[in-house]
Amino acid sequence: MVTVPAAMTWAWSNIHWANLLVSQSASYKFDGASDSDVEPVHQPVLLAESLQFLAVAAGGTYVDGTLGEGGHTLEILEASGPNGVVLGIDRDPRSVAVARRRLDSYGGRAVLVHGNYADMQRIAGDNGISAVDGILLDLGFSSRQVNTAGYGFSFQTDEPLDMRYDREGATAADIVNSSNESDLADVIFQYGEERRSRAIARAIVRNRPIFTTGQLAEVVARTVGGRRGGRHPATRTFQALRIAVNRELEQVEAGLAAAGDLLKPGGRLAVISYHSLEDRLVKEWMDRETATCVCPPDFPVCVCEQEPRFRVVRRRIVRPSEQEITENPRSRSARLRVVERI
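Nothing here was measured: the structure is a model prediction, and the numbers come from that model.

*Asks:* Please give an account of the pairing of strand β1 (residues 61–64) that cites residues and values.
*Replies:* Residues Thr61 and Val63 of β1 are buried on one face, and the alternating residues Tyr62 and Asp64, pointing to the opposite face, are buried as well. Strand direction decides the pairing type here: β1 and strand β2 (residues 85–90), joined by four bridges, are parallel. What sits directly across from valine 63, in β2, is leucine 87. Note on the crossover from β1 through helix α3 (residues 71–79) to β2: the handedness is right-handed. Bridge count for β1 against strand β4 (residues 132–138) is three bridges, and the pairing is parallel. Within β4, the residue paired with tyrosine 62 across the bridge is glycine 134.

*Asks:* Lay out the packing of aromatic side chains in plain terms, naming residues and giving numbers.
*Replies:* Inspection of every chain in the model, using the stated rule, returns five aromatic pairs. Arranged with centres 5.6 Å apart and planes meeting at 25°, the rings of tyrosine 151 and phenylalanine 153 form a pair that is stacked. Summarising the burial analysis for this pair, tyrosine 151 and phenylalanine 153 share the class buried. Taking 5.3 Å as the distance between ring centres and 65° as the angle between the ring planes, the aromatic pair formed by phenylalanine 153 and tyrosine 165 counts as edge-to-face. With phenylalanine 153 in the loop between α6 (143–147) and α7 (172–178) and tyrosine 165 in the loop between α6 and α7, the pair connects residues that are 12 residues apart, well separated along the chain. Looking at phenylalanine 153, the relative accessible area reads 9%, which means it is buried. Overall, the relative accessible area of 9% leaves tyrosine 165 in the buried class. Clustering of aromatic rings is evident, with ring pairs tying together Phe141, Tyr151, Phe153 and Tyr165. In this structure, arginine 94 is placed above the aromatic ring of tyrosine 151, and the distance from its NZ or CZ to the ring centre is 3.8 Å.

*Asks:* Lay out the nonpolar core with the relevant residues and their values.
*Replies:* One finds Leu87, Met120, Ile135, Leu137, Ile204 and Leu269 to be the most contacted residues of the largest nonpolar core, which totals 61 residues. The contacts of methionine 120, once residues within four sequence positions are left out, are Val63, Ile89, Ile135, Leu137, Gly255, Ala258, Ala259 and Leu262.

*Asks:* Could you give an account of the sheet that holds strand β7 (residues 335–341), naming the residues involved and the relevant values?
*Replies:* Working definition: the strands of a sheet are paired by backbone hydrogen bonds and lie parallel or antiparallel to each other. Spatially, β3-β2-β1-β4-β5-β7-β6 is the arrangement adopted by the seven strands of the open sheet, whose pairing is mixed. Both outer strands of the open sheet, β3 (110–114) and β6 (310–312), are each paired with one neighbouring strand and no more. With direction set aside, neighbouring strand axes in the sheet form an average angle of 20°. As defined by bridge partners, β2 adjoins β3 across five bridges and the pair is classed as parallel. Following the sheet pairing, valine 86 is matched in β3 by alanine 110. Contacts from helix α2 (residues 47–54) reach β4, β5 (263–273) and β7, with the element oriented near 160° to β5.

*Asks:* How would you explain the pattern of salt bridges if you had to name every residue and give the values?
*Replies:* In the structure shown here, the tally under the stated rule is 18 salt bridges. The residue arginine 202 makes a salt bridge to glutamate 181 at a minimum N-O spacing of 3.7 Å. Separated by 21 residues along the polypeptide, arginine 202 in helix α9 (residues 197–206) and glutamate 181 in helix α8 (residues 181–192) bring together distant segments of the chain. Residue class for arginine 202 comes out partly exposed when judged on its relative accessible area of 41%. For arginine 309, the salt bridge goes to aspartate 261, with nearest N and O atoms at 3.0 Å. You can see arginine 309 sitting in the loop between α13 (276–290) and β6 and its partner aspartate 261 sitting in helix α12 (residues 248–262), a full 48 residues away along the chain.

Conventions we followed
Residues numbered from 1 in each chain as written. Predicted model: local features only at pLDDT ≥ 70, side-chain atom pairs only at ≥ 80, totals over all residues. Heavy atoms only, no water. Buried < 20%, exposed > 50% of the residue type's maximum accessible area, 1.4 Å probe, protein only. Helix = DSSP H or I, 4+ residues; strand = E, 2+ residues; numbered from the N terminus. Pairing = 2+ DSSP bridges. Right-handed = clockwise from strand over helix to strand, strands pointing away. Phe/Tyr/Trp six-rings, centres within 6.5 Å; stacked < 30°, edge-to-face > 60°. Lys NZ or Arg CZ within 6 Å of the ring centre and 35° of its normal. Core = buried A, V, L, I, M, F, W, Y, C linked by side-chain atoms within 4.5 Å. Contact = heavy atoms within 4.5 Å. Axes fitted to C-alpha atoms, helices over the stretch in contact; angles between N-to-C directions. Salt bridge = Lys/Arg side-chain N within 4 Å of Asp/Glu carboxyl O.

Laid out in structure tokens, this is it:
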């Protein structure tokens, strides 16, 4: 299980930093465009493959645990027509608002909820759903969240260092300005897989307070140099902070467990991941759930008598085609894994 470093001492409710952040960011527009002005721009990744391996059928009930702007959900609704139902869940209320407008014509077949996919069992029960035929988790964030002002995900524009999907809890600025150097380095190394994490943490502490994406990106760039492998030098640091702020890896583990309990026999779980940390969690969970033995490798014979709950649908990872990568470069790192409930 992946956890935040034990010594982490973030000041989640530190009034001093909160007041400074408010005063420094007063001139920024957190919300970007209003909900009525935002149009869906995110291209759903591995769309055809997701529908194929989920085996979407007419009249089925499905969960899209990462609704986004509703691209995957729309196609599942089409494929499960005329009376299939999709429960769409997203932590970002702005994305849910966009999806509601986009899927309005499907009426009660599209049950869209602002929430966390880790809570999908409870959310399903609250909406009269006890079991489902398929679950899709697309663990990436959307193009709109990167390109729209107010999220603080991107170093392309200078805006408040937020990074929260749902505006709850600590911001990236809280972590950057309140963590000690050692803890900050651990977060950047563990969640960003950044080899220069200690040098970056040292530079951040030396340049605090840091309130905007532009300030943070500049500090990191000065520390590690120019682009590496075509990527901005702050890419890994920004990834680490986003994961920490939203507790993304903890959500993956909880979400997989919830999905396993919500699926009907014969129901399928399809998970799209984008970096090695989350993909490793998905692979390890699927390996455990499909294994006929989970005894330690040094045991001479099996004594666990495990009965697997799932079977592997496809052993090879499904990756985007060259055409999809050309049309949507952000799909390049996507990996789809699929299992079926026994």
